[in-house]
Structure formats: structure tokens, C-alpha cells
Amino acid sequence: MSAVARLDLHALPGLDAAQRPLVDPRSLGTGIVHLGIGAFHRAHQAVFTEEAIAAAGGDWGICGVSQRSRGVVDQLRPQDGLYSVLERGERSSVRVAGAVRDLLFAAEEGERLQALLAAPGTRLVTLTVTEKGYRHDPATGRLRRSDPEVAADLSGNGLPRTVVGQLVRGLAARRAADAGPITLLSCDNLPANGEVLRGLVGDFCAALPAAEGEALAAWITESVRFPSSMVDRIVPATTDEDRAQVARLLGYDDHGVVVTEPFRQWVVEDDFAAGRPAWERAGAVLTADVAPYEAMKLRLLNGSHSTLAYLGALAGHAHVAEAIRDPGIAGVVAALMAQDVEPTLAVPDGFDVAAYQRQLIERFHNPALRHRTVQIAMDGTQKLPQRLLGTITERLAAGAEPRFACLGVAAWMRYVWVRQAEDGTPLPVDDPLADRLGELTAQAATPQAVADALLSLEEVFGEDLPANERFRALVTEGLAALTKGGVAAATTP
Ligand code: CS2
């Protein structure tokens, strides 16, 4: 039992001015439904939105929807939606965020979700549902109709359980209610995330009976926008220690704390059907073309992150900040960025890509952020295509040898194959394809056999890349080196 009182609206007058929300939460109407109210949303879009409302007004309060677990709903509901953002850089600071006004647990409140999507006051749906939440094949971007939950949602029996099902059924209800246009804004780490979402919504409509699907698809084309966006802020999972620090700083007990770095970036395609918060007033970049920023961020930051995570976890580094201090791993990450990724990028005018890389390395070094390598290692099958495989495909086509990106893929293979660090510590394989990975690697005894088996995963690697002998050789060499001499030997220049 904690001795301090729980954070809620009554606590606000007692906080230091610098710790209070920037807006009066009580005065805010809800205009945004956010699917996937995890720590990342609360430390990123919710912060931009609150600052935008503080600067320019608007009823853009957020209803945060949790899909699978009621954890966040139980944390935030008793706190009137309030939670604190603990920024850790050279100094720490904490502030209570006020833009989340409502919580909804989709698994139990599916009807309310549908009603909210059909309400005229809802003008924007934002999403952070992670890569796997889209239920698509990462290699093709198409909806996985064989997924039992997608199939159930298509059959129309009961309330929809998948994100795309919820959205399409909600849009149908919105059309029936004549509630007006709306924007669906993906904020997940996928290239052309708006286009991906539009495609999946289209796939879902096309799989419905024609009488239902065609008219709905036509209405969607007319009334719904799907802008793309690039999101960036490092947000490690919150620990008990973080919650204890906030209780000391705030004087209140907050079950919904999120921890993050000072840096944040949001580049948004400015294509909205029914208005948006003035995010540019909070430092977001609103632009016509997000693609160059997305590629840069996914390949440089996330590509490095995944490489650091697999090599780091195998070498026994629990956190990113330790992994990046390992000279071998640091060398691989620097070379991955400069030699493999940079030549593939269309750098926006006036953008200093070398400075961006230096800043990334600095952010990875942040000793106050305890970002676990196994957290980033999660869902590798959903992350590899946009983080490493795009780079590899383009470099091979240019006649180059993307050695470092291939070593990242090899480290993923070693990780899902042996499932333990070099010191014997077990490493979790948390991935929607975990069973397949287990089956594929179970029979394989040599690096060559493991690489062959894993490269047969067409939904991850597609068809062309595994047919490339250079690629197969580079990945297999990397896996053989990791197997023979460990991370230290494989990362020695
Ligand atoms: C990370 C990202 O967990 C992961 O896979 O690479 O969540 C990363 O921290 C964010 O994209 C940073 O913006």
C-alpha cells in the first residue's frame, strides 16, 4: 500500500505550476479516438496534442482505446485520464498530461467504440497499434484474410476484434449516421503507414459481400483521409522504479507514468478531412510528402535499434545504452548507417543527415533511459522488412554489399534460433510468428540450415530477396560468424 494519494483531477491545484497540465482537462471535449493507448502514444501524440490545444484551442481531447489488455484503462480511469510524463535527459522533469479525457477497453466496450467512431464530434482517429496490429503480410502489405480473427470480423458475427475490422465497421456506422468525414492517421513505424492503412481498409471492404462493400468503399474514398506520418520518441517500458521516482517528484501516486527522452519528432502529411489540432504549434512538421522522413527514420533509427537489440541481447547487454558502448556493436551500427543506409536515402533539402546520425548515436547513449534490448527485439518478423530488408534490397540492386544490414538480419536469426544470450540467460521470442520460427529452426542444426529455413518465410522476406545468392551468402556468413565466435568476433572489423 502506498502512503501517498492517487493522482486525479483533485490533485492538480496542489502541484507546482510547471507540473500541471497545459490545458484544463475539464473543459476539453473529445475529438480524437486513439486506438492503442500504450506508453508511446501518451509520450508522443498526446503531448503534441495538448500543446497544440494550449496554443490554438479546439475540442481535441482524446479517448484512448486499449485493445487487448485492460491494464492502461485500469491505470488511468481512476485518475480521470491523467498521467505523468517523466523526461529523462541530463536532468529529469515531470509534468502531468491532460489531453486524454476518456478510456475505452475495446474487448468489453465494443459497442461504445462503434458509437464513438460514428459520432459527429469524432473527427480524427489516430493509431499506434504496433506493426502486428495491422494483420497484414509485412512483405506485401495485404490484409491476412487467413487470420482467424480477420475472417471472423469479415463474417460480421459479433463485434469486430481486429483494428481494421473495428475501423471498417465503425466507418459503416458513421456513413449510416451521416456523421460526416473523418481522418484515420496511422502513427506506427511502417513506411507509407497511411497508404498501408488505406489499402487494408480497402482489402476488408473488397472482401465483404458486394452490396455492402462497394457502396462503403465509395463513401470512404469520398469522405475519409489516410495521411501518413513519421513518429519518433524513444519510450522504454515503465518500471516500478520510475513510478517511485514520480511519486517523489509529484507527491502523488501515478499508475500511468510514462518515461521518455527529451527528443521528439513528428512529421505529418497534411491531408485531413475534418480538421486537426494545430500540431505545428507544438513543433510537428506538417508537409505534403512524409516518405523521405519515414525512410530516414525507419532505416537509420529503427534499423540500428533492431541491430543493437539482437546483437546486444546476444552479447548479454540488457539495455541499449550498454549495447552502444560495446565497441564492436557501435562500429557495426555506425557502418550500417553510413555505408548501407545512407546511400539509399532521398534526403530532404537542407537536412543534415550526418548530424542526424550523430544525434541518434547520442540518443542511444542516454544513460538515464533504461531501454531494454529484449523490448526492441520483440516482433522481429513484423519489423525486419521496413527496418533492414528495404536497405538490403536497394543496396544489392545498386551492386553493393550491405554487410552490416545483413549482419543485423543474421543476429535476428541467431536470437530466434538459440533463444539465449552468450552467458546462458534466456531470451524471449515474443513474435506473432513465434511458433513458425520454432518449427523452422527446430530441425536445423547448422547456420546454413537455419538461414535456409528462416529465409523461406515468404511473408517476411518476400520472393525476390531469398532468390538473391549474394544476400543468402552475406546472411549465412554473418550467422556462421555469430555462431562460431559470438558477437565479439562477428563485430570485429
Ligand atoms: C523501437 C521503437 O521497440 C522498438 O522497436 O525501435 O519503438 C523506437 O524506440 C521508436 O520508434 C523511436 O521513435
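Nothing here was measured: the structure is a model prediction, and the numbers come from that model. (Residues numbered from 1 in each chain as written. Predicted model: local features only at pLDDT ≥ 70, side-chain atom pairs only at ≥ 80, totals over all residues. Heavy atoms only, no water.)

## Observations regarding the overall build of the chain
So, point 1. Along the chain, the regular secondary structure elements total 20 helices and twelve strands.
So, point 2. Computed over C-alpha atoms, the radius of gyration of the chain comes to 23 Å, within 12% of the 23 Å expected from 2.2 N^0.38 for 493 residues, which places it in the range of a compact globule.
So, point 3. Once the C-alpha set of the chain is aligned to its principal axes, its extents read approximately 60 × 60 × 50 Å.
So, point 4. Buried residues in the chain amount to 57% of all 493 residues.
So, point 5. Across the chain, the fraction of contacts at a sequence separation of at least 24, relative to all contacts at a separation of at least 6, is 78%.
So, point 6. Accessible surface, the chain: about 19,200 Å² in total, of which carbon and sulfur atoms supply 50%.
So, point 7. Distance from the positive charge centre (47 side chains) to the negative charge centre (62 side chains) of the chain: 3 Å. (Helix = DSSP H or I, 4+ residues; strand = E, 2+ residues; numbered from the N terminus. Rg over C-alpha atoms; globule rule 2.2 N^0.38 Å. Buried < 20%, exposed > 50% of the residue type's maximum accessible area, 1.4 Å probe, protein only. Contact = heavy atoms within 4.5 Å. Areas by Shrake-Rupley, 256 points an atom, 1.4 Å probe, with all protein chains shown as cover. Lys, Arg positive; Asp, Glu negative; His and termini not counted. Charge placed at Lys NZ, Arg CZ, Asp CG, Glu CD.)

## Quick word on the packing of helix H10 (residues 291-315) against helix H12 (residues 327-341)
Two packed helices can be described by the angle between their axes and the distance between those axes.
So, point 1. Contact geometry of H10 with H12 gives a least axis separation of 10 Å together with a crossing angle of 150°. Looking at the two axes, H10 sits roughly antiparallel to H12. The two elements H10 and H12 meet at a crossing, and its hand is right-handed. Contacts from Arg-299, Leu-300, Gly-303, Ser-304, Thr-307, Leu-308, Leu-311, Gly-312 and Ala-315 in H10 reach Ile-329, Val-332, Val-333, Leu-336, Met-337 and Val-341 in H12. (Axes fitted to C-alpha atoms, helices over the stretch in contact; angles between N-to-C directions. Parallel < 35°, antiparallel > 145°, perpendicular 65-115°, else oblique. Left-handed = near helix turned anticlockwise from the far one by under 90°.)

## A few points about empty space enclosed by the protein
So, point 1. Considering all chains together, one arrives at four cavities of 30 Å³ or more under this definition.
So, point 2. Here the largest cavity is characterised by a volume of approximately 70 Å³.
So, point 3. What lines the largest cavity is Ile-234, His-305, His-319, Val-320, Ala-321, Arg-363, Phe-364, Asn-366, Leu-369 and His-371.
So, point 4. Put simply, the parts of the chain that give the lining of the largest cavity at least two residues each are helix H11 (320-323) and helix H13 (353-365).
So, point 5. Along the lines of polarity and charge, the residues of the lining of the largest cavity split into five nonpolar, four polar and one charged. (1 Å grid on protein atoms, 1.4 Å probe; cavity = no way out; pocket = protein on both sides within 12 Å on 5 of 7 lines; lining within 4 Å. Points joined across faces, edges and corners; volume = space filled by probe spheres on them. Nonpolar A, V, L, I, M, F, W, Y, C, P; charged D, E, K, R; others polar.)

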